[in-house]
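Listed below, chain by chain, are the residues.
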Amino acid sequence: MHSKDQICHEDYQRTASWLLSHTEHRPKVAIICGSGLGMLADALKCQDSFPYSDIPGFPQSTVQGHAGRLVFGELKGKTCVCMQGRFHMYEGHSLSKTTFPVRVFKLLGVETLVVTNAAGSLADSYQVGDIMIIKDHINVLGLAGLNPLNGPNDDKFGPRFPPMSCVYDKDLRKMAFDLCKSMGVTQFVQEGVYCMVGGPNFETVAEARLLHRLGVDAVGMSTAPEVVVASHCGMRVFGLSLITNKVVKSYDDGEPVNHEAVLEVSKLRSQTLQSLVTELVSQMDIN
Ligand code: 6GU
């Protein structure tokens, strides 16, 4: 890691203090909105919102379909902070920049992180438009040594060697599935393994087949670094992937994926996803 990428505890603290002095909201839950899923943030009541460019120390987002602001407010009476637009490594950010907001959230008092993303499916039983409750992840970059926790460990956040064997909170997954039952949407809800790859290109057929054989249900270009950092500092994590396309696993058929199609499907199911997250937050034992 280059020294210019080193972020120290005071950097997180400076940003957290700035936010605490610019809003009266004291969120216990943070929500990271994926591609085309940012309208969740618009649903917050009593909003205080900050474009990333106004927040000292915050990275800037560059992807189309990601608005790039931090929104504080209430979801059914629970105080939340929402990232409308996240940071990806393929934008040129270091992983420590990508995950910077998560540690800031920790300093704000956030205890639970909810992550959403758009993903392509590898599991044959999945359909476009399905919502996948993330049971676990495969962090391809992490396995290869690209980890936001690389460098000196900040003991104030967590241990040098954090376990990752129960990251996606079981109780929250159960609660979400029960909610899906009561909402009558279980026919398009799955639970599975998310795999993060670096992007920005989508997978080759050979790569798709490799991931499929490894037990990956859905693949995307985000989420794992934020989740690793959240888990490291003791946050409870819940994640949802919206299946926006099937990953092409055959040389003979299958539509090549494109970003516009991904955004289009996000819109289709965004309302359901929004209701699910809203109800889940409202049932959380907080505030
Ligand atoms: Cl097919 N691959 C990756 N890596 N990310 C995606 C995707 C596919 N579809 C949506 N996001």
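Residues numbered from 1 in each chain as written. Predicted model: local features only at pLDDT ≥ 70, side-chain atom pairs only at ≥ 80, totals over all residues. Heavy atoms only, no water.

Undergrad: I'd love a proper account of the packing of aromatic side chains, names of residues and values included.
TA: For the structure on display, the rule yields eight aromatic pairs. The interplanar angle of 25° and the centroid separation of 5.1 Å between the aromatic rings of Tyr 12 and Phe 100 together place this pair among those described as stacked. Here the residue Tyr 12 occupies a position in helix H1 (residues 9–22), and Phe 100 occupies one in helix H4 (residues 100–108), the gap between them amounting to 88 residues. Each member of the pair Tyr 12 and Phe 100 is classed as buried. Between Tyr 52 and Phe 87, the aromatic rings sit 5.1 Å apart at their centres with planes inclined by 50°, giving tilted as the arrangement. One end of the pair, Tyr 52, is in the loop between strand S2 (45–51) and strand S3 (69–75); the other, Phe 87, is in the loop between strand S4 (78–84) and helix H3 (95–98), and 35 residues separate them in sequence. Residue Tyr 52 is classed as buried on the basis of its relative accessible area, which comes to 1%. Put simply, the rings of Tyr 12, Tyr 52, Phe 58, Phe 87, Phe 100 and Phe 157 touch in pairs and so form one group of aromatic residues. We note Arg 269 situated over the ring of Phe 188; from NZ or CZ to the ring centre the distance is 3.6 Å. (Phe/Tyr/Trp six-rings, centres within 6.5 Å; stacked < 30°, edge-to-face > 60°. Helix = DSSP H or I, 4+ residues; strand = E, 2+ residues; numbered from the N terminus. Buried < 20%, exposed > 50% of the residue type's maximum accessible area, 1.4 Å probe, protein only. Lys NZ or Arg CZ within 6 Å of the ring centre and 35° of its normal.)

Undergrad: Could you give an account of the pairing of S3, with specific residues and numbers?
TA: Counting buried positions over the seven residues of S3 gives five, a clear majority of the element. The pairing of S2 with S3 spans five bridges and is classified as antiparallel. When the sheet's bridge partners are listed, Lys 45 is paired in S3 with Glu 74. Inspection of the sheet shows S3 paired to S4 by seven bridges, in the antiparallel sense. Residue pairing across strands places Leu 75 opposite Lys 78, the latter belonging to S4. Counted along the chain from S3 to the antiparallel partner S4, the turn is two residues long, and its residue Lys 76 has a positive phi close to 45°. (Pairing = 2+ DSSP bridges.)

Undergrad: Go over the site of the ligand with me, naming the residues and quoting the values.
TA: What surrounds the ligand is a group of 13 residues, the closest being Gly 120, Phe 202, Glu 203, Gly 220 and Asn 245. One of the side-chain nitrogen or oxygen atoms of Glu 203 is found 2.6 Å away from a nitrogen atom of the ligand. At a separation of 3.5 Å, a nitrogen atom of the ligand approaches a polar backbone atom of Val 219. For the ligand, the accessible surface in isolation is 290 Å², of which the surrounding protein chains cover 95%. (Near = heavy atom within 4 Å. Polar contact = N/O pair within 3.5 Å; in protein donor to acceptor, adjacent residues only side chain to side chain. Areas by Shrake-Rupley, 256 points an atom, 1.4 Å probe, with all protein chains shown as cover.)

Undergrad: Describe the pattern of salt bridges, and please don't skip the residues or the numbers.
TA: This model, assessed by the stated rule, comprises eight salt bridges. With a shortest N-O distance of 2.8 Å, Lys 249 and Asp 124 are connected by a salt bridge. Note that Lys 249 is positioned in the loop between strand S9 (236–246) and helix H9 (259–283) and Asp 124 in the loop between strand S5 (112–121) and strand S6 (131–139), a separation of 125 residues in sequence. Among the ionic pairs, Asp 178 bridges to Lys 181, the shortest N-O distance being 3.7 Å. In this pair, Asp 178 and Lys 181 are both assigned in helix H6 (residues 170–183), three residues apart and thus about one turn of the helix distant. In this structure, a network of salt bridges that share partners links the residues Lys 174, Asp 178 and Lys 181. (Salt bridge = Lys/Arg side-chain N within 4 Å of Asp/Glu carboxyl O.)

Undergrad: Describe helix H7 (residues 205–213), listing the residues and the values that go with them.
TA: Of the positions making up H7, those classed as buried are Val 205, Ala 208 and Leu 211. Looking straight down H7, one finds its buried side chains confined to an arc of 125°; they lie on one side. Elements in contact with the buried residues of H7: strand S7 (189–196) and strand S8 (218–220). Remark: Gly 215 follows H7 within two positions and exhibits a positive phi of approximately 95°. (Arc of directions from axis to C-beta. Contact = heavy atoms within 4.5 Å.)

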